[in-house]
Amino acid sequence: MKSQIAIILLLLLNILASCSKEYPAEEQKLVIEGWIENGEFPVVLVSLSGNIDNDGDEVADFMVRWAKVSIHFDDKTYILTGSPDKRYFPPYSYISYDFRGEAGKTYTLEVEYKGMKATAKTTVPTPIEIDSISVGNVEDNDTLRSINVHFTPDRDETDYFRIRYREYNTESRFYPSFLGTISTRPSDGKISIPLYRAKLKTTKDYIPYFPIGSVVEVRLSRINKESYDIWCDYDNIVNFGSNIFFKQQTNLYTNIQGGYGYWIGYGISKSRIKTTK
Amino acid sequence: MFAILLSAGIKAQDTKPTLINDTIQEITVTAKAHNATSISRHGDKISLSTHNLSRQVNILGSADAFKYIQLLPGVKTNSDYTTGTSVQGCDFSHTAIEMDEATLFYPYHLLGIFSACNNDHFSSVSLEKSIHSADFANRLGGKISVMPHNVPIKKFTGSANIGLISSGTSLSIPLSSQCALILSGRLSYLNTLYSGLMENKDNKINYDFFDTNLTFIYKKNKANTLSINALLGQDRLKCYNKESFLNLKMGWDNTAISASWEHTGKTYHKSSISFSDLKNELQLQMPEFNIGIPAEISHFSAKEKITVALGKKLSFNTGCALEYYRLLENNSNISGMPDENHTSDSHYSATESRLHGELDYLFHENWELRAGIKATYYHTSDYDNVSADPLLTLRFTTPGTGAIAVHTGIYSQYLHQTGFSSNGLPTDFWFLANSKMKKQKAFGISASWKHKIKPFNLNFVIETYYKRILDQPEFNGSVMSMIYNEFDAYDNLLNTTGFNTGIDIMLQKQFGKLSGWLSYSLGIARRKIPELADGYVPSSGEQLHNLSVTVNYKLNNIWSFASNFVFASGTPTTPILSVFMLGENIMCNYGEYNSWHLPDYHRLDLSATCTLPRKAFGKYAHSLNLSIVNAYANKNVMLQYFSYSEDDATFKFKEVSTMFKILPSISYRIEF
């Protein structure tokens, strides 16, 4: 009881002092957005976090051009080369053309910049084939088409997937499909999942469907549970982060030690479809 | 029987009168007052008459008693997006809301802009904060009682109120000298009149609500009264985003029915049965998929209350209650996605049996001791619990000037509620104590002093309290977790402990041309949530400072003016420490849970009412009310976040402010 009275007295003092309380700030940290896919070169984007005082600062100011980015596997270390890359935003990426990702292998990423160091480890899962992709009509709309991706999980346990896509000739990078992070159970059988366009803060109007004539490249990516948790968190923040009723004031789960973001291995299978009338 | 029912323009009555063996019959002292509040003899209960509310500040053409409850000391001032009544730092669900004897679970329209209790139908709304008697339901916080009329009406009367978004009417029909029927209804016409305003390039919004009330009174004789009360309310919101083809639907239905028989005489006796139901559903639809999150809580109760005089100075209150709950667990019902599931009948139930006894002893001319105990047996399929909660109240009456009351007690609560936010949405889920989340408990101590400042005809009330709270659930999940996974709310529940403490002060002027009240509360509500923060953190219900001033001025029989001013400390929030870009979206990195506060909230409301006297229009009285809510258009901040500006590729710190910068309204009222 005495300790509670002391707490109350301290709180009352705290009230008096609270008027001059300063807004908490945090030192800048490295932000990593990296992935490695079977049969593809690894890609890593590096930027810095900004604090609340950075209201009005250009996003490009947080881009990191001079980081040392390396990937270690099979007792070898590869240095990734940074260069301007308009496919991504911010438009700068670190890529190695010395090796491609292989299913089953584990890759350790290390990023160093101005005394900061971030590390992460991921494994590329074994991919699963896409059975087919179908195109459907959108109700009350003659110019848009819906797309569904069909596949059959082959594991006797819960499995995790993320659907990504790219509109050929108009988009240079693969975007995560809206609501495209899924878990499947062995009893599910054949899976059919709608492919919605990504919700991005960098585009003004969101339309989930594809215009007629679009050529859409689809990547069905098998991911591990850790990556699934990251993407579920991500989708939640993107969809409800600024929603007054369902506000999500939680931090994005990260597998980066010493920074934010993700380093994810994708076991991918590819397919392409054209939306027709 | 000696029951002093002090009222000022209203017939407020203690739920359980003190019995003393004297020969005086019931006395009702009435006086005209323009102020709508009256404070009980010991300062532990504040009643708000609905009679004069139409001459106060109206919101969208309707005056609402629940909004005025928020202006009382110890009650949290809510923002526009927040619904519920938080008393002395407690959670919304800790407050028991009752219509006669029926529990109301979410009696609100328009996400809390006003309540589902039509003022024209009810006679008063009262608030008990921390001093309760043993017949109080198993809740940890305060109690709001919506009191229907309980005396037969001698002549046919009625009223109609026409507002900007809804209109209502109330008819009081005498059926005989012993029987009366009161019927009220209210209907919105947002979709009919404002469909154009509620549609723009991107969104189409539909919203409508209604409520109906019925009260039947049969006063067999002076000692026996039978009353039946019913409330039926419905809200339907649809928001269709044309760009994303996303259709959001939210709806909730309120049903409450109670029947009670009250007997006064040498013993006071009240028997009642009631049924309440809250049904709600949140739906997210796109052409390929549908996500529905339905929920329902049904509650049946049978109660018996008896008060027996055991001498001139001693009375005994006893009673029992049997409560039965049936809940449809919040569960996602998904179609069109791989995680497709169809919720089977996941109803579950619990029973709560209560027995209470309380001795009321006037051991000295001015000293009264009330000692009681409430025993509860709670049963659900995987959890049984027995509790015996003692309560003790000591009251001292200072002759002619006021009274002091000191109360201590232990409280239990078996019904929990939590949700995705602290805003108090209809979709916040109720659930029953079980083996995974046991009952909540509280130990409280409080003292109040009511003093009459005679020279100025003012009432002064000060109350201080401390409440220790154990096992309060806090939801740490997300909307997406319901969509992606086989959702189990218990996996996302955190068990919290904490305390609420503070001081409430009220200065009231009840009579005269100028009336009103000033209230100030200092409130601290802290919780320990080891999963989210070290040590104690402010709870979402904490409002450090809360000042409100309510002023009514009756210029003459035609013109009256009213004003409310509110200042409240900002709501606790989790600060954004840093931001970063990931996948072309802005991510925020948050600091310690609730370790920062939003900017302070303040608002000024004004109203003017012109009432044309009955003598000018025969038996009809007409009035017109003009109100302005948030008169100086203060931008009250509800949410802070970071965004990305496409125009100049910069980070932008953004604030979501109050729904209405300034909200004028006009309403016309006719009474006969």
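This structure is a prediction, so every number in the text was calculated from the model and none was measured.

Participant: Give me the lowdown on the overall build of chain B, citing residues and values where you can.
Facilitator: Secondary structure assignment for chain B yields three helices and 42 strands. Expressed as a percentage of its 672 residues, the buried residues of chain B come to 60%. In chain B, the proportion of contacts linking residues at least 24 apart, taken out of those at least 6 apart, comes to 64%. Accessible surface for chain B amounts to roughly 24800 Å². Of this, 61% is attributable to carbon and sulfur atoms.

Participant: Can you tell me about the overall build of chain A, naming the residues and giving the values?
Facilitator: Scanning chain A from N- to C-terminus turns up two helices and 16 strands. Classification of the 277 residues of chain A by burial places 53% in the buried group. Counted over contacts in chain A with a minimum sequence separation of 6, partners at least 24 positions apart contribute 64%. In the form shown here, chain A has an accessible surface area of approximately 12900 Å², with 48% of it arising from carbon and sulfur atoms.

Participant: Explain the pairing of strand β11 (residues 157-162) of chain B to me, using residue names and the numbers behind them.
Facilitator: Sheet faces and side chains relate simply in a regular strand, where the side chains alternate between the two faces. All names here are of chain B. Direction of pairing for β11 relative to strand β12 (residues 166-174): antiparallel, over a ladder of six bridges. Note on β12: the bridge partner recorded for Asn161 is Gly168. Sheet topology note: the β11/strand β42 (residues 663-671) ladder contains four bridges and is antiparallel. Within β42, the position partnered with Ala160 by the bridge is Ile670.

Participant: Explain the side chain of Ser539 of chain B residue by residue, including any values.
Facilitator: Of note, Ser539 of chain B is situated in the loop between β31 (536-538) and β32 (545-554). When its relative accessible area of 9% is taken as the criterion, Ser539 of chain B is described as buried.

Participant: Account for the sheet that holds strand β15 (residues 215-223) of chain A, naming residues and giving values.
Facilitator: Residue and element names in this part refer to chain A. Spatially, β8-β7-β4-β5-β6-β2-β1-β16-β15-β11-β12 is the arrangement adopted by the eleven strands of the open sheet, whose pairing is mixed. In this open sheet, the two strands that pair with only one neighbour each are β8 (116-123) and β12 (175-184). Between one strand axis and the next, the sheet turns by 25° as a mean value, whatever way the strands run. Bridge count for strand β1 (residues 30-37) against strand β16 (residues 259-274) is eight bridges, and the pairing is parallel. Bridge pairing in β16 places Glu33 opposite Tyr262.

Participant: Outline the confidence of the model for chain B, supporting the account with residue identities and numerical values.
Facilitator: Confidence in the prediction of chain B, expressed as mean pLDDT, is 86, and 90% of residues score 70 or more. Confidence drops under pLDDT 50 across residues 1-26 of chain B; counting only partners more than four residues distant or on other chains, this segment forms 68 contacts.

Participant: I'd like a rundown of unusual backbone geometry, residues and numbers included.
Facilitator: Residues and elements named next belong to chain A. Phe89 connects to Pro90 through a cis peptide bond whose omega is 0°. Tracing the chain through its elements places Pro90 in the loop between β5 (76-84) and β6 (92-95). Of note in this structure, Asp74 is not a glycine but carries a positive phi near 50°. Looking at the element boundaries, Asp74 is found in the loop between β4 (68-73) and β5. Take Asp74: its relative accessible area is 46%, and that puts it in the partly exposed class.

Participant: Go over the pattern of salt bridges with me, naming the residues and quoting the values.
Facilitator: Taken as a whole and judged by the stated rule, the model has 38 salt bridges over all chains. When the shortest N-O distance is used, the salt bridge between Glu112 of chain A and Lys68 of chain A registers 4.0 Å. Residue Glu112 of chain A is found in strand β7 (residues 106-113), and its partner Lys68 of chain A is found in strand β4; the two are separated by 44 residues along the sequence. The partly exposed category is assigned to Glu112 of chain A, whose relative accessible area is 30%. Judged by relative accessible area, which is 45%, Lys68 of chain A ranks as partly exposed. We note a salt bridge from Arg236 of chain B to Asp253 of chain B, for which the minimum N-O separation is 3.0 Å. Placement of Arg236 of chain B in strand β15 (residues 224-241) and of Asp253 of chain B in strand β16 (residues 246-263) is noted, with a sequence separation of 17 residues between them. Residues joined by salt bridges that share partners form a network here, namely Asp100, Glu101, Asp135, Lys270, Lys303 and Lys305 of chain B.

Participant: Give me a nonpolar patch on the surface: which residues, what numbers.
Facilitator: A contiguous nonpolar patch, built from Leu514, Val551, Tyr553, Leu555, Ile558, Trp559, Phe561, Leu612, Phe617 and Tyr620 of chain B and spanning about 790 Å² of accessible area, is present on the exposed surface. Looking at the secondary structure, you find Leu514 of chain B in strand β30 (residues 514-528).

Participant: Just give me the short version of helix α2 (residues 225-240) of chain A, but keep the residues and values in it.
Facilitator: Structural remark: α-helix, 3.6 residues per turn; residues separated by three or four positions point the same way. Residues and elements named next belong to chain A. End to end, α2 covers 22 Å across 16 residues, agreeing with the expected 22 Å (1.5 Å per residue, within 8%). Burial analysis of α2 places twelve of its 16 residues in the buried class, the great majority of the element. Along α2, the residues classified as buried are Ser227, Tyr228, Ile230, Trp231, Cys232, Tyr234, Asp235, Asn236, Ile237, Val238, Asn239 and Phe240.

Participant: Tell me about the nonpolar core, and please be specific about residues and values.
Facilitator: If you look at the biggest cluster of nonpolar residues, it comprises 93 residues, and the most contacted ones within it are Ile69, Leu72, Met99, Leu110, Ile297 and Leu432 of chain B. Val44 and Tyr107 of chain A together with Met581 and Tyr644 of chain B belong to the second-largest nonpolar core, a separate cluster that totals 38 residues.

Participant: Could you give an account of the side chain of Asn247 of chain B, with specific residues and numbers?
Facilitator: Residue and element names in this part refer to chain B. Its location among the elements puts Asn247 in strand β16. Exposure remark for Asn247: the relative accessible area of 17% places this residue in the buried category. Once residues within four sequence positions are removed from consideration, Asn247 is found in contact with Cys239, Tyr240, Gln283, Leu284 and Gln285.

Participant: Describe the sheet that holds strand β36 (residues 585-590) of chain B, with residues and values.
Facilitator: Hydrogen bonds along the backbone pair up the strands of a sheet, which may run parallel or antiparallel. One open sheet holds the three strands; their spatial order is β3(A)-β35(B)-β36(B), and the pairing between them is antiparallel. The strands lining the two open edges of the sheet, one partner per strand, are β3 (50-51) of chain A together with β36 of chain B. Bridge analysis of β3 of chain A against strand β35 (residues 576-582) of chain B gives two bridges, and the strand direction is antiparallel. Considered in β35 of chain B, the bridge of Gly50 of chain A is made with Val579 of chain B.

Participant: Can you tell me about the packing of aromatic side chains, naming the residues and giving the values?
Facilitator: The relative placement of two aromatic rings is captured by the distance of their centres and the angle of their planes. Residues and elements named next belong to chain A. In this structure the tally under the stated criterion is 37 aromatic pairs over all chains. On the numbers, 5.0 Å between centres and 85° between planes, the contact of Trp231 with Tyr234 is edge-to-face. A residue pair is termed a helical-turn pair when its members lie 3 or 4 positions apart in one helix, as Trp231 and Tyr234 do in helix α2 at three residues. A relative accessible area of 4% places Trp231 in the buried class. Judged by relative accessible area, Tyr234 falls into the buried class, the value being 3%. Over the ring of Tyr168 we find Arg272; its NZ or CZ atom is 4.3 Å from the centre of that ring.

Cut-off values and rules
Residues numbered from 1 in each chain as written. Chains lettered and ligands numbered in written order. Predicted model: local features only at pLDDT ≥ 70, side-chain atom pairs only at ≥ 80, totals over all residues. Heavy atoms only, no water. Helix = DSSP H or I, 4+ residues; strand = E, 2+ residues; numbered from the N terminus. Buried < 20%, exposed > 50% of the residue type's maximum accessible area, 1.4 Å probe, protein only. Contact = heavy atoms within 4.5 Å. Areas by Shrake-Rupley, 256 points an atom, 1.4 Å probe, with all protein chains shown as cover. Pairing = 2+ DSSP bridges. Axes fitted to C-alpha atoms, helices over the stretch in contact; angles between N-to-C directions. pLDDT = per-residue confidence, 0-100. Salt bridge = Lys/Arg side-chain N within 4 Å of Asp/Glu carboxyl O. Patch = residues over 30% accessible without salt bridge, like charges linked within 9 Å, V, L, I, M, F, W, Y side chains within 5 Å. Expected span 1.5 Å × (residues − 1). Core = buried A, V, L, I, M, F, W, Y, C linked by side-chain atoms within 4.5 Å. Phe/Tyr/Trp six-rings, centres within 6.5 Å; stacked < 30°, edge-to-face > 60°. Lys NZ or Arg CZ within 6 Å of the ring centre and 35° of its normal.

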